[in-house]
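# Structural features, examined
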Amino acid sequence: MRLKKHQTLREQIVSSLRDSIIKGELNPGQKLTEPELAEKLGISRTPIREAFRQLESEGFLTVIPRRGAVVSKITRKEIDDFYELKSLLEGYAARIAAEKITEKGIEKLRKINEQLAVLAEKGDVESFFWKNDEFHNTFISYCGNEKLLEFREHMVQRFMRFRLQALSVPGRLMDSVRQHRTIIRALARKDGRLAEAVVLEHALLSGEELAVRVEQEVKKQTAL
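Residues numbered from 1 in each chain as written. Predicted model: local features only at pLDDT ≥ 70, side-chain atom pairs only at ≥ 80, totals over all residues. Heavy atoms only, no water.

### Examining the sheet that holds strand S1 (residues 31-32)
- As summarised here, the arrangement of the 3 strands in space is S1-S3-S2, forming an open sheet in which the pairing is antiparallel. The open sheet terminates on both sides in strands that have one partner only, identified here as S1 and strand S2 (61-64).
- Sheet topology places S2 next to strand S3 (residues 68-71); 4 bridges connect them, and they run antiparallel. Bridge pairing links Leu61 to Val71 in S3. (Pairing = 2+ DSSP bridges. Helix = DSSP H or I, 4+ residues; strand = E, 2+ residues; numbered from the N terminus.)

### So, empty space enclosed by the protein
- Per the counting criterion, the structure on display carries 1 cavity of 30 Å³ or more.
- In this model, the largest cavity occupies a volume close to 150 Å³.
- Along the wall of the largest cavity there are 14 residues; nearest its centre are Lys86, Asn132, Leu167, His202 and Ser206.
- Secondary-structure elements contributing two or more residues to the lining of the largest cavity are helix H4 (76-100), helix H6 (125-141), helix H8 (160-167), helix H9 (172-188) and helix H10 (192-223). (1 Å grid on protein atoms, 1.4 Å probe; cavity = no way out; pocket = protein on both sides within 12 Å on 5 of 7 lines; lining within 4 Å. Points joined across faces, edges and corners; volume = space filled by probe spheres on them.)

### Remarks on the side chain of Glu90
- In this fold, Glu90 is placed in helix H4.
- Polar side-chain contacts of Glu90 include one of 2.9 Å to the side chain of Arg152.
- Excluding its chain neighbours within four sequence positions, the residues that come into contact with Glu90 are His136, Phe139, Ile140, Arg152 and Val199. (Polar contact = N/O pair within 3.5 Å; in protein donor to acceptor, adjacent residues only side chain to side chain. Contact = heavy atoms within 4.5 Å.)

### Comments concerning the packing of H4 against H6
- Between H4 and H6, the shortest axis-to-axis distance is 8 Å and the interhelical angle comes to 50°. The orientation of H4 with respect to H6, classified from their angle, is oblique. Residue-level contacts link Lys86, Glu90, Ala93, Ala94 and Ala97 of H4 to His136, Phe139 and Ile140 of H6.
- Class assignment for the residues of the contact of H4 with H6 results in 5 nonpolar, 1 polar and 2 charged. (Axes fitted to C-alpha atoms, helices over the stretch in contact; angles between N-to-C directions. Parallel < 35°, antiparallel > 145°, perpendicular 65-115°, else oblique. Nonpolar A, V, L, I, M, F, W, Y, C, P; charged D, E, K, R; others polar.)

Below, the structure written as structure tokens:
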């Protein structure tokens, strides 16, 4: 595990384990125990326990009381269900937002997407993830439905693992930047139907690419 000194101990453990799972260094079903990690890192069990709980809330781990945790498995159905719901929510929000978004909002989206392009060039998945959230939250906020935004935030946080792994698919970062440009053009034209269609396609494509990657990983593990 590689810990980053500028973070709290819990954040360091969360970040390191999350990266290891996304990169495939920790495989689905693999067990993690508090005593083993505490001994390896030379720390108490408390921050490890807290990190396990956070990673469980994000879908990365399944905590087993008094036994530690295991890396959660991802199924095709879970991916399909999540991205279907995400696409419907964000597509609807984009259609309504197209009627209400201001020129200032369009410019903010363009600026964020320019920053995303730089991060894509660097291959910085984690920073891209958070900046990508800002892009989506910006146009969704213009739909004016606070409950929708709140529900979407809860949903995407719970399935953070899917989204991070989807962005880790080779070429996905720059694809997202290009798709964002299409979304911005639709919103700038006040074309709600087009904005909805593009956002739907954007979300479903991410889900399909992730599903294919997960199925490939499962076949690889089965062959070992």
